[in-house]
Protein chains: 2
Amino acid sequence: MRLTSKGRYAVMALVDLARFDGINPVSLRDISLRQGISLDYLEQIFSKLRKKEIVQSVRGTQGGYILNRNAKEIKLTNIFDAVDEKVKTVQCKKDSKKGCNGKSTKCLTHNLWDELETHINNFFDKKSLDDLVKENLERRL
Amino acid sequence: MRLTSKGRYAVMALVDLARFDGINPVSLRDISLRQGISLDYLEQIFSKLRKKEIVQSVRGTQGGYILNRNAKEIKLTNIFDAVDEKVKTVQCKKDSKKGCNGKSTKCLTHNLWDELETHINNFFDKKSLDDLVKENLERRL
DNA sequence: TATAAACCTGACCAAAATAGTCAAGTATCA
DNA sequence: TGATACTTGACTATTTTGGTCAGGTTTATA
């Protein structure tokens with residue numbers, strides 16, 4: 001059970017960006033250098049973040065990205081969702097109420113995996129980008 | 001972020017086995033049929049479970065596997081550990097207190113991933129095989 | 001004591017997911 | 001008009017996953 005680097009990078013990049021929020025657009029190049037993430041890869045990630053209206057782009061020289069909403073309103077859930085980082089504990093379709101893997105009964109542990117998913121998603125629902133920036137500032141004091 | 005089927009299968013198989021605990025050894029063939037998991041794959045999984053002393057094998061005809069400890073004492077953590085299903089949220093080495101990815105400072109989100117890992121492991125630490133069997137019996141009433 | 005059931009082991013392999021790179025743009029500011 | 005920075009889509013190498021396969025060994029029981 002591991003987190004993919006796409007999800008991790010997305011959060012890292014957004015925390016980096018959020019620290020300059022309201023001051024000026026932050027270029028991917030800067031984020032790339034500071035966070036050690038390839039520029040090309042960041043572009044892929046930010047394309048998704050923009051489509052989900054988490055960030056806004058500013059083109060041209062001195063351009064970059066800015067947050068599209070208040071950092072308090074951006075939860076980890078939103079970020080992971082944008083970059084297709086999904087919490088997946090079962091193979092079987094979520095919506096098929098009855099039956100797992102073509103069987104007539106739910107698999108013995110189906111409930112367990114549902115619980116696990118909920119447990120993890122709770123964590124993601126609670127944490128906002130703002131929380132992360134603040135925690136970070138505190139650590140530096 | 002997904003659970004691998006090795007981990008999922010291990011838990012499914014052990015719940016199946018635990019239901020017959022104390023009665024007689026359960027053959028992998030039976031588990032394979034009931035749970036729809038390939039016999040060869042189950043053998044791989046049980047080899048690991050045996051090495052970690054979660055199950056005991058009984059060879060020969062009428063043989064199979066039995067739990068090696070009380071179902072209450074077997075936590076999900078132990079099972080996942082045995083089959084190398086690890087919760088991994090960071091790439092950087094856990095033990096390097098200072099520095100992430102060769103940098104002099106911790107990455108901005110290092111704390112976050114540690115928290116997430118703890119959050120998930122809490123879930124695994126609490127659930128025992130016995131809990132799962134009981135939940136399953138209740139559901140069938 | 002033969003034989004079949006069941007465990008045991010290690011090698012092997014295909015498909016999917018991951019983690020990017022690369023190329024060729026377009027927009028905008030100075 | 002050039003440099004900076006966003007935009008897009010195709011491509012690809014590597015790793016992980018999810019197994020299969022072949023060849024054992026052990027032991028109950030008929």
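Residues numbered from 1 in each chain as written. Chains lettered and ligands numbered in written order. Predicted model: local features only at pLDDT ≥ 70, side-chain atom pairs only at ≥ 80, totals over all residues. Heavy atoms only, no water.

Before going further, it helps to examine the environment of Gln91 of chain A. For Gln91 of chain A, the position within the fold is in the loop between helix H4 (76-82) and helix H5 (110-126). Residue Gln91 of chain A is classed as exposed on the basis of its relative accessible area of 51%. Ignoring anything within four residues of it in the chain, the contact list for Gln91 of chain A reads Ser5 and Arg8 of chain B. (Helix = DSSP H or I, 4+ residues; strand = E, 2+ residues; numbered from the N terminus. Buried < 20%, exposed > 50% of the residue type's maximum accessible area, 1.4 Å probe, protein only. Contact = heavy atoms within 4.5 Å.)

A separate point is the interface of chain A and chain B. Across the contact, 43 residues belong to chain A and 43 residues belong to chain B. Note on chain A versus chain B: buried area summed over both sides is about 3,800 Å², and carbon and sulfur give 60% of it. On the chain A side of the interface with chain B, the three residues burying the most area are Met1, Leu108 and Phe123 of chain A, jointly 22% of the side's total. Viewed at the interface, chain B and chain A are joined by two salt bridges. At the junction of chain A with chain B, the criterion picks out 13 residue pairs in polar contact (both at pLDDT 80 or more). Taken together, the elements giving at least two residues each to the side of chain A that touches chain B come down to helix H1 (5-18), helix H2 (28-35), H4, H5 and helix H6 (129-140) of chain A. Of all the elements, H5 of chain A adds the most residues to the side of chain A that touches chain B, at nine residues. Looking at side-chain class alone, the side of chain A that touches chain B contains 19 nonpolar, nine polar and 15 charged residues. (Buried area = accessible area lost by both parts, 1.4 Å probe. Salt bridge = Lys/Arg side-chain N within 4 Å of Asp/Glu carboxyl O. Polar contact = N/O pair within 3.5 Å; in protein donor to acceptor, adjacent residues only side chain to side chain. Nonpolar A, V, L, I, M, F, W, Y, C, P; charged D, E, K, R; others polar.)

To continue, consider the packing of helix H1 (residues 5-18) of chain B against helix H3 (residues 39-51) of chain B. Residue and element names in this part refer to chain B. It is the contact of H1 with H3, at a shortest axis distance of 10 Å, that shows an interaxial angle of 80 degrees. Taken together, the axis directions place H1 and H3 in an arrangement best described as roughly perpendicular. Along the contact surface, H1 presents Ser5, Lys6, Tyr9, Ala10, Ala13, Leu14 and Leu17, while H3 presents Tyr41, Leu42, Gln44, Ile45, Phe46, Lys48 and Leu49. Grouping the constituent residues of the contact of H1 with H3 by class yields ten nonpolar, two polar and two charged. (Axes fitted to C-alpha atoms, helices over the stretch in contact; angles between N-to-C directions. Parallel < 35°, antiparallel > 145°, perpendicular 65-115°, else oblique.)

As a further point, take helix H3 (residues 39-51) of chain A. Residues and elements named next belong to chain A. Counted at 1.5 Å a residue, the expected span for H3 with its 13 residues is 18 Å, and the 18 Å between its end C-alpha atoms agrees. Among the residues of H3, Leu42, Ile45, Phe46 and Leu49 are the ones counted as buried. Summarising the axial view, the buried residues of H3 lie within an arc of 100 degrees, below the 170-degree limit, and thus occupy one face. In this structure, H3 carries Asp40 and Lys51 as exposed residues pointing more than 90 degrees from its buried face. Turning to H3, the residues buried within the fold contact H1, H2, strand E1 (55-58), strand E2 (64-67) and H4. (Expected span 1.5 Å × (residues − 1). Arc of directions from axis to C-beta.)

Here Glu85 of chain B is to be found in the loop between helix H4 (76-82) and helix H5 (110-126). Among buried charged residues, Glu85 of chain B stands out as having no salt bridge; its nearest opposite-charge side chain is Arg8 of chain B, 7.5 Å away. Only 2.6 Å separates the side chain of Glu85 of chain B from the backbone nitrogen of Met1 of chain A, close enough to count as a polar contact. Once residues within four sequence positions are removed from consideration, Glu85 of chain B is found in contact with Met1 of chain A together with Leu3, Thr4, Gly7 and Phe80 of chain B. (Lys, Arg positive; Asp, Glu negative; His and termini not counted.)

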